[in-house]
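# Residue-level structure breakdown
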Amino acid sequence: MLVYDALVAPFTDFEFMRRALAAVIALSLGGAPIGVFLMLRRMSLVGDAMAHAILPGAAIGFLLSGLNLFAMTTGGLIAGFTVAILAGVVARTTELKEDASLATFYLVSLALGVTIVSIKGTNIDLLHVLFGNILAMDDQTLLVIAFNATITLIVMAVVYRPLVIESVDPVFLRTVSRAGAPSHLAFLALVVINLVNGFHALGTLLAVGLMILPAGIARFWSRDITGMICIAVISAMVSGYAGLVLSFQTSVPSGPAIILVAAVFYVGSVLFGSVSGLSDAAALAHSSGARDFSRTAARAGSAARGHELFHSGRSRPQCRRRSRQRHHIGRSR
């Protein structure tokens, strides 16, 4: 009963816990695959910058309509797409690289969003925007998150092959198909949509958490992209469930609890992962050292056996006969 009371009863007894768990599952299904492709394309920090870029739009929606779901979602989407487009334009028309332009817009967006929220709202509203409150989620917000996750899965199914090829060999994709640019734009749109999902549940500062950390966990357990996506989704769900239980039992804020549980899984994967983990690297180094030692020992043994055979009693008569033959041939000449 103690296990049931600790792990199951919170979700059977309280509706807000069931709502939060459903939101975590939707976030995992939509965000974890996006996080895998962000990691493969070396865009993890871009995702973090984009998470902060949606704050001014959500803050303007809050300024106009309060904590209105439609206004904040629409404002966040518009701000995210605007920052992505502006960063791309600046990177292509100036010498500033895309990561630097994104970092600039991210800092400006974060400062602007916090300022806008502070004008009208209280400190509680500011904390809600920055860190979210998944336990206070209503049915409308849950439906928006589920709808966005469904759209993400459908679009991912359509652009999956171009995304995989572009992540592995973008030059090859440009030579054989023109699907690279449309798939990249669709991918950026999915990033913004899932960041808005994360914003509603975890706040702007942690919105990218259930996208990047599960992807990092999966990288230490699989080399196959499909395997990485499956592991990322499962690890995100487990982290969300464990974080909600931890939050319920210890009164820790739910969003940070979820991310901290995912961080624990990430550290465990770094230490014990079967692909590029520290234990795997140590095992490979040990086996490589053992192979090198055995080869050196084999070479040394072969040299010793040859030296022993050359100087053994059995080889001396053979050497004397060969020496007489060479001496005889020399005299005959």
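Throughout what follows, the structure given in this document is the object of discussion.

Rules used in this analysis
- Numbering of residues starts from 1 in each chain and follows the order in which that chain's sequence is written.
- The predicted origin of the model limits local features to residues at a pLDDT of at least 70 and limits the giving and counting of side-chain atom pairs to 80 or more, whereas totals for whole chains, interfaces and linings rest on all residues.
- As a rule here, side-chain values cover all heavy atoms of the structure and leave hydrogens and water aside.
- A patch is a set of surface residues, each over 30% in relative accessible area and not in a salt bridge, joined within 9 Å for like charges and within 5 Å for the nonpolar side chains Val, Leu, Ile, Met, Phe, Trp and Tyr.
- What sets the accessible areas is the Shrake-Rupley method with a 1.4 Å probe; for residues, cover comes only from the shown protein chains.
- Each salt bridge in this description consists of a side-chain nitrogen of Lys or Arg and a carboxyl oxygen of Asp or Glu lying within 4 Å of one another.
- Only DSSP runs of H or I with at least four residues qualify as helices, and only runs of E with at least two residues qualify as strands; both kinds are numbered from the N terminus onward.
- Expected span of a helix, by definition, is 1.5 Å for each gap between consecutive residues, and there is one gap fewer than residues.
- Two aromatic rings from Phe, Tyr or Trp, using only the six-membered ring of Trp, form a pair when their centres are within 6.5 Å; if the ring planes differ by under 30 degrees the pair is stacked, by over 60 it is edge-to-face, and anything between is tilted.
- Burial classes: relative accessible area under 20% of the type maximum marks a residue as buried, over 50% as exposed, and values in between as partly exposed (1.4 Å probe, protein chains only).
- To qualify as a nonpolar core, a set must consist of buried Ala, Val, Leu, Ile, Met, Phe, Trp, Tyr and Cys residues joined through side-chain atoms within 4.5 Å.
- Polar contacts, as counted here, are pairs of nitrogen or oxygen atoms within 3.5 Å of one another; within protein the pair requires one atom able to donate a hydrogen and one able to accept it, and residues that are adjacent in sequence qualify only if both atoms are side-chain atoms.
- Axis lines are fitted through C-alpha atoms, for helices just across the contact stretch, and the angle between N-to-C directions can take any value from 0 to 180 degrees.
- Here the word oblique covers every angle except those under 35 degrees (roughly parallel), over 145 (roughly antiparallel) and from 65 to 115 (roughly perpendicular).
- Take the far helix as your reference; a near helix turned counterclockwise from it by less than a right angle gives a left-handed crossing, and one turned clockwise gives a right-handed crossing.
- Note on definitions: a residue-residue contact is assigned when non-hydrogen atoms from the two residues lie within 4.5 Å.
- Throughout, the ten residues Ala, Val, Leu, Ile, Met, Phe, Trp, Tyr, Cys and Pro are labelled nonpolar, Asp, Glu, Lys and Arg are labelled charged, and all others, Gly among them, are labelled polar.

Bringing a nonpolar patch on the surface into the picture now. On the surface, a nonpolar cluster with roughly 580 Å² of combined accessible area is contributed by Trp 221, Tyr 266, Val 267, Leu 271, Phe 272 and Leu 278. Residue contributions to the nonpolar patch peak at four residues, all from helix H14 (residues 254-272). Among the structural elements, Leu 271 can be located in helix H14.

Tallied over the full model, the rule gives three salt bridges. One salt bridge connects Asp 139 with Arg 19, and the closest N-O pair in it is separated by 2.8 Å. Residue Asp 139 is found in helix H9 (residues 139-168), and its partner Arg 19 is found in helix H3 (residues 15-40); the two are separated by 120 residues along the sequence. Where Glu 166 meets Arg 41, a salt bridge forms, and the shortest distance between an N and an O atom there is 3.1 Å. One end of the pair, Glu 166, is in helix H9; the other, Arg 41, is in the loop between H3 and helix H4 (44-53), with 125 residues separating them in the sequence. A cluster of three or more residues bridged by salt bridges with shared partners is formed by Glu 15, Arg 19 and Asp 139.

In this structure, Ser 251 takes a positive phi of about 65° despite not being glycine. If you trace the backbone, Ser 251 turns up in the loop between helix H13 (225-250) and H14.

Look at H13: 36 Å from first C-alpha to last across 26 residues, which is about the 38 Å you get at 1.5 Å a residue. Just beyond H13, the residue with positive phi is Ser 251, at close to 65°.

What follows concerns the packing of aromatic side chains. As enumerated under the stated definition, the model contains six aromatic pairs in all. Here Phe 14 and Phe 248 contribute two aromatic rings whose centre-to-centre distance is 5.4 Å and whose plane-to-plane angle is 50°, an arrangement assigned as tilted. Of this pair, Phe 14 sits in the loop between helix H2 (9-13) and H3 while Phe 248 sits in helix H13, and the two are 234 residues apart along the sequence. Assessed through its relative accessible area of 33%, Phe 14 is described here as partly exposed.

In terms of nonpolar packing, the biggest core is built from 68 residues, with Ile 34, Phe 37, Ile 134, Phe 187, Leu 195 and Leu 244 touching the most fellow members. No other element matches the 12 residues that H3 contributes to this core.

Moving on, we come to the environment of Glu 15. Structurally, Glu 15 is set in helix H3. In the structure, Glu 15 is positioned 120 residues away from Leu 135 in sequence and 9.6 Å away in space, judged by C-alpha atoms.

What follows covers H14. Under the 1.5 Å per step criterion, the end-to-end length of H14 is 27 Å for 19 residues, consistent within 8% with the ideal 27 Å. Regarding H14, the residues found buried are Ser 254, Gly 255, Ala 257, Ile 258, Ile 259, Val 261, Ala 262 and Ser 269.

Now for the side chain of Ser 28. Here Ser 28 lies in helix H3. Reaching out from Ser 28, the side chain makes a polar contact with the backbone oxygen of Val 24 at a distance of 2.7 Å.

Let us now look at the packing of H3 against H9. At a minimum axis separation of 9 Å, H3 and H9 run at an interaxial angle of 20°. Looking at the two axes, H3 sits roughly parallel to H9. Note that H3 runs across H9; the crossing there is left-handed. Facing Arg 19, Ala 22, Ala 23, Ala 26, Leu 27, Leu 29, Gly 30, Pro 33, Ile 34, Phe 37 and Leu 40 of H3, the residues of H9 in contact are Asp 139, Leu 142, Ile 145, Ala 146, Ala 149, Thr 152, Leu 153, Met 156, Tyr 160, Leu 163, Val 164 and Ser 167. Classifying every residue of the contact of H3 with H9 by side-chain character gives 18 nonpolar, three polar and two charged.

Read these as geometric descriptors, not functional statements.
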